[in-house]
Amino acid sequence: MDEVAPGVFVGTAEIYTTTTTVVAGADGGCLVIDPAVTVADLAALAGWLSSRGLRPAAGWSTHPHWDHVLWSRDLGDAARYATPRAAEVAARERPALVSELREAAPGHDLALFARLAPLPGQEIPWRGPRATVVAHDAHAPGHGAVYLPARGGLVAGDMCSDIETPLLDLASADPFGDYRRGLGALASLPGVRVVVPGHGHVGDRREFRRRVAADFGYLDAVEAGREPEDPRLAEGWLREEHTRQRALAAS
Ligand SMILES: [Zn+2]
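Residues numbered from 1 in each chain as written. Predicted model: local features only at pLDDT ≥ 70, side-chain atom pairs only at ≥ 80, totals over all residues. Heavy atoms only, no water.

Draft legend 1. Fine view of the side chain of Thr18. Tracing the sequence through the fold places Thr18 in the loop between β2 (8–12) and β3 (19–24). Polar contacts involving the side chain of Thr18 include one to the main-chain carbonyl oxygen of Ile15, which spans 2.7 Å. Setting aside anything within four residues of it in sequence, one finds Thr18 in contact with Gly11, Thr12, Ala13, Ala36, Gly198 and His199. (Helix = DSSP H or I, 4+ residues; strand = E, 2+ residues; numbered from the N terminus. Polar contact = N/O pair within 3.5 Å; in protein donor to acceptor, adjacent residues only side chain to side chain. Contact = heavy atoms within 4.5 Å.)

Draft legend 2. The arrangement of the sheet that holds strand β4 (residues 29–33) in detail. The 7 strands are arranged β1-β2-β3-β4-β5-β6-β7 in an open sheet whose pairing can be described as mixed. Across the chains shown, the open sheet's two edge strands, defined by having one partner strand only, are β1 (2–5) and β7 (117–118). Summarising the sheet, β3 and β4 pair through 4 bridges and their orientation is antiparallel. Of the residues in β4, the one forming a bridge with Val23 is Leu31. In the packing of helix α1 (residues 39–51) onto the sheet, the strands contacted are β2, β3, β4 and β5 (55–60), and the crossing angle to β3 comes to about 20°. (Pairing = 2+ DSSP bridges. Axes fitted to C-alpha atoms, helices over the stretch in contact; angles between N-to-C directions.)

Draft legend 3. Fine view of the sheet that holds strand β9 (residues 143–148). The 5 strands are arranged β8-β9-β10-β11-β12 in an open sheet whose pairing can be described as mixed. Only two strands of the sheet have a single partner each, and these edge strands are β8 (132–136) and β12 (203–204). Packed onto the sheet, helix α4 (residues 175–187) meets β8, β9 and β10 (153–157) and runs at close to 155° relative to β8.

Draft legend 4. Highlighting the coordination of the zinc ion. Only His63 (NE2), His65 (ND1), His139 (NE2) and Asp158 (OD) from the protein coordinate the zinc ion, and they sit 2.2 to 2.3 Å from it. The site at the zinc ion holds 4 donor atoms, and with the angles between them running 90 to 174°, its shape is irregular. Mapped onto the polypeptide sequence, the residues donating to the zinc ion form the spacing pattern H-x1-H-x73-H-x18-D. Here the residue His63 occupies a position in the loop between β5 and β6 (79–82), and Asp158 occupies one in the loop between β10 and α4, the gap between them amounting to 95 residues. Like Asp158, His63 is buried. (Donors = N, O, S within 2.8 Å, 3.2 Å for Na, K, Ca; no water. Tetrahedral: all angles 85-135°; square planar, octahedral: opposite > 155°, others 65-115°. Buried < 20%, exposed > 50% of the residue type's maximum accessible area, 1.4 Å probe, protein only.)

Draft legend 5. Quick peek at the packing of helix α5 (residues 205–223) against helix α6 (residues 236–250). The geometry of α5 relative to α6 is characterised by a closest axis approach of 8 Å and an angle of 55° between their N-to-C directions. Of the possible angle classes, the one that applies to α5 and α6 is oblique. Contact with α5, carried on its side by Tyr218, Val222 and Glu223, involves His242, Gln245, Arg246 and Ala249 of α6 and no other residues of that element. The residue makeup of the contact of α5 with α6, split by class, is 3 nonpolar, 2 polar and 2 charged. (Parallel < 35°, antiparallel > 145°, perpendicular 65-115°, else oblique. Nonpolar A, V, L, I, M, F, W, Y, C, P; charged D, E, K, R; others polar.)

Draft legend 6. Quick peek at unusual backbone geometry. Put simply, Ala36 and Val37 share a cis peptide bond, and its omega is 10°. Tracing the backbone shows Val37 in the loop between β4 and α1. In the Ramachandran plot, Asp27 falls in the positive-phi region, its phi being about 55° despite a non-glycine side chain. Take Asp27: it is sitting in the loop between β3 and β4. Judged by its relative accessible area of 59%, Asp27 is exposed.

Right, here's the structure in full:
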């Protein structure tokens, strides 16, 4: 776990370069965002927390994809929140999420998987640095990034990555529009000094601006029917998603 801002720790799992974020709060309580990804990863996280004298006071899932709605017994029984839309989608799509989970990261306690409470309002209720939620529908319905104004920290969920281009919610009625609105909402946050993508590497203020520009550039190219010159389009699975997104734009 690396301390990327005072009291903000990020761990990175081997699978998909998936990040887990922990924000330290009052009296040993902490906010745990998107704990991931294997059973062993979650056990290591619980071990690290107890070695630091931390226990989860609240959990947050940024969006209703299987690798962002995990939990384990050892993390305790804190309330786990998501946006109301994400909580609803996670409940409705549970069978599909469970089968994706079983395929990619077997062995998790299904009783704890994707059990999310809808967050009333825009602030995560916990005793720690203010954590406000930026809700939008880019990438997934009810995507909720967490912004920590006092730390300048943005936990972006599956956006603003150095290794993944924008991945649209292809089931949406307006995937490109949704993505632009979500990215615009993140870009307009004042004072982002550190960005944590759901997959990829932590970036500073300049890197955040660079990624936002690269992501808008990607959307511009794809919507205009051009092949973007984007070095992130290296891996096979990402190229496949990219091909789907180009086909959608063309249709
Ligand atoms: Zn995702």
